[in-house]
Amino acid sequence: GNSVTQMEGPVTLSEEAFLTINCTYTATGYPSLFWYVQYPGEGLQLLLKATKADDKGSNKGFEATYRKETTSFHLEKGSVQVSDSAVYFCALSSSSGSRLTFGEGTQLTVNP
Amino acid sequence: GAGVSQSPRYKVAKRGQDVALRCDPISGHVSLFWYQQALGQGPEFLTYFQNEAQLDKSGLPSDRFFAERPEGSVSTLKIQRTQQEDSAVYLCASSTRQGPGTIYFGEGSWLTVV
């Protein structure tokens, strides 16, 4: 079946540091890949997505590239801010798109 | 409303009680999903509706869990004879269509079974 593995957290960085959160997946067919973010006290929000191999999703300075050869979708940001502190979830959708499979989430804390 | 609305936001139930959690999706959204998120874990799929049809309920953990969407809009997730392991956040999500489109999540219903 489908599965998503995220790097273990939590991750603590200083403001303006470079961020990488690793995500690898196992899936049949051609899944779409997503990063969701959950800010404290709020619901899950879509951060970015990529629907086919070599696509790059980007939003709010975050980027992730769909790498089929390494089955990865690592999240990166060049300079994090305190306001980026949240839990980040990598996810994939089945080819039919009827369900999302999530990773366990990575807690990011950015200190001033 | 503008987003997916869930109620109650917080529910404490005694073991053995029945609970009902309500989801009001974004107006016009065809697809509706329920997920269960245990503390410190990622959400796990429970069930999926397209309009009023429940197309996938393979994620429901036991026959104590039941979901419905009788008119293709509001949905209710019912848990009978709650047990401590049912304690979790129950997330509802909706999207405009089937397929890898954007799925919008509600803030969740936090259930604690004591």
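Quick caveat: nothing in here was measured; it's all calculated off a predicted structure. (Residues numbered from 1 in each chain as written. Chains lettered and ligands numbered in written order. Predicted model: local features only at pLDDT ≥ 70, side-chain atom pairs only at ≥ 80, totals over all residues. Heavy atoms only, no water.)

Engineer: Quick question: what am I supposed to make of the environment of B:Gln36 here?
Structural biologist: All names here are of chain B. Mapping Gln36 onto the fold places it in strand S4 (residues 31–37). Look at Gln36 and you get buried, because its relative accessible area is 17%. Along the sequence, Gln36 and Cys92 sit 56 residues apart, while their C-alpha atoms lie 8.9 Å from each other. Beyond its immediate sequence surroundings of up to four residues, Gln36 is in contact with Gly42, Pro43, Glu44, Leu46, Phe65, Asp86, Ala88, Val89 and Tyr90. There is a polar contact of 2.9 Å between the side chain of Gln36 and the side chain of Tyr90. (Helix = DSSP H or I, 4+ residues; strand = E, 2+ residues; numbered from the N terminus. Buried < 20%, exposed > 50% of the residue type's maximum accessible area, 1.4 Å probe, protein only. Contact = heavy atoms within 4.5 Å. Polar contact = N/O pair within 3.5 Å; in protein donor to acceptor, adjacent residues only side chain to side chain.)

Engineer: Sorry if this is basic, but what is going on with the interface of chain A and chain B here?
Structural biologist: Often, the extent of an interface is quoted as the loss of accessible area upon association of its parts. At the interface, 18 residues of chain A touch 22 residues of chain B. Across the chain A to chain B interface the summed buried area is about 1,600 Å²; carbon plus sulfur atoms make up 52%. Of all residues in chain A, A:Leu44, A:Ser98 and A:Arg99 give up the largest surface area on contact with chain B, accounting jointly for 30% of the area buried on that side. For the pair chain A and chain B, the number of links is one salt bridge. If you list the elements that add at least two residues to the side of chain A that touches chain B, you get strand S5 (32–38), strand S6 (44–50), strand S10 (86–93) and strand S11 (100–102) of chain A. Of the residues contributing to the side of chain A that touches chain B, the split by class is seven nonpolar, eight polar and three charged. (Buried area = accessible area lost by both parts, 1.4 Å probe. Salt bridge = Lys/Arg side-chain N within 4 Å of Asp/Glu carboxyl O. Nonpolar A, V, L, I, M, F, W, Y, C, P; charged D, E, K, R; others polar.)

Engineer: Where do I start with the state of the cysteines in this structure?
Structural biologist: Note on terminology: a disulfide is the covalent bond linking the sulfur atoms of two cysteines. According to the stated counting rule, one finds two disulfides over all chains in the structure shown. With its sulfur 2.0 Å from that of its partner, A:Cys23 forms a disulfide with A:Cys90. One quick way to see it: the torsion about the S-S bond of A:Cys23 and A:Cys90 is about -70°, and its sign makes the bridge left-handed. In this pair, A:Cys23 is assigned in strand S4 (residues 23–26) and A:Cys90 in strand S10, connecting sequence segments 67 residues apart. Of the two residues examined, A:Cys23 and A:Cys90, each falls in the buried class. For B:Cys23, the disulfide goes to B:Cys92, at an S-S distance of 1.9 Å. The sign of the -70° torsion about the S-S bond sets the B:Cys23-B:Cys92 disulfide as left-handed. Linking B:Cys23 in strand S3 (residues 19–24) with B:Cys92 in strand S9 (residues 88–95), this pair joins segments that are 69 residues apart in sequence. With relative accessibility at 0%, the residue B:Cys23 sits in the buried group. (Disulfide = S-S within 2.5 Å.)

Engineer: Explanation requested: the layout of surface pockets in the structure shown.
Structural biologist: A probe matching the size of a water molecule, rolled over the atoms, marks out where space remains unfilled. In this model, the largest pocket occupies a volume close to 670 Å³. Looking at the largest pocket, it is lined by 33 residues, and the ones nearest its centre are A:Gln38, A:Phe89, B:Gln37, B:Gly40 and B:Gln41. Secondary-structure elements contributing two or more residues to the lining of the largest pocket are strand S1 (3–6), S10 and strand S12 (106–111) of chain A together with S9 and strand S11 (109–113) of chain B. Its residues placed into classes, the lining of the largest pocket shows 14 nonpolar, 14 polar and five charged. A volume near 230 Å³ is recorded for the second largest pocket. A:Thr101, A:Phe102, B:Pro43, B:Glu44 and B:Phe45 are the residues nearest the centre of the second largest pocket, which is lined by 13 residues in total. At the level of elements, S11 of chain A together with strand S5 (44–50) of chain B are the ones that each hand at least two residues to the lining of the second largest pocket. Among the elements that line the lining of the second largest pocket, the one with the most residues is S11(A), at three residues. Looking at side-chain class alone, the lining of the second largest pocket contains five nonpolar, five polar and three charged residues. (1 Å grid on protein atoms, 1.4 Å probe; cavity = no way out; pocket = protein on both sides within 12 Å on 5 of 7 lines; lining within 4 Å. Points joined across faces, edges and corners; volume = space filled by probe spheres on them.)

Engineer: Would you explain the pattern of salt bridges in this entry?
Structural biologist: Working definition: two side chains of opposite charge can pair if their charged atoms are close together. Residues and elements named next belong to chain A. Evaluation of the coordinates by the stated rule reveals eight salt bridges over all chains. Lys56 is the salt-bridge partner of Glu63, the closest N and O atoms lying 3.6 Å from each other. For Glu63, a relative accessible area of 34% gives the class partly exposed. Residue Lys56 is classed as exposed on the basis of its relative accessible area, which comes to 52%.

Engineer: How do you make sense of the sheet that holds strand S9 (residues 75–77) of chain A when you look at a structure like this?
Structural biologist: Two orientations exist for strands paired in a sheet by backbone hydrogen bonds: parallel and antiparallel. Residues and elements named next belong to chain A. One open sheet holds the four strands; their spatial order is S3-S9-S8-S7, and the pairing between them is antiparallel. Only two strands of the sheet have a single partner each, and these edge strands are strand S3 (19–21) and strand S7 (56–59). The mean inter-strand angle of the sheet, taken between neighbouring strand axes irrespective of direction, is 15°. Pairing between S3 and S9: three bridges, direction antiparallel. Counterpart to Ile21 in the pairing with S9 is Leu75. (Pairing = 2+ DSSP bridges. Axes fitted to C-alpha atoms, helices over the stretch in contact; angles between N-to-C directions.)

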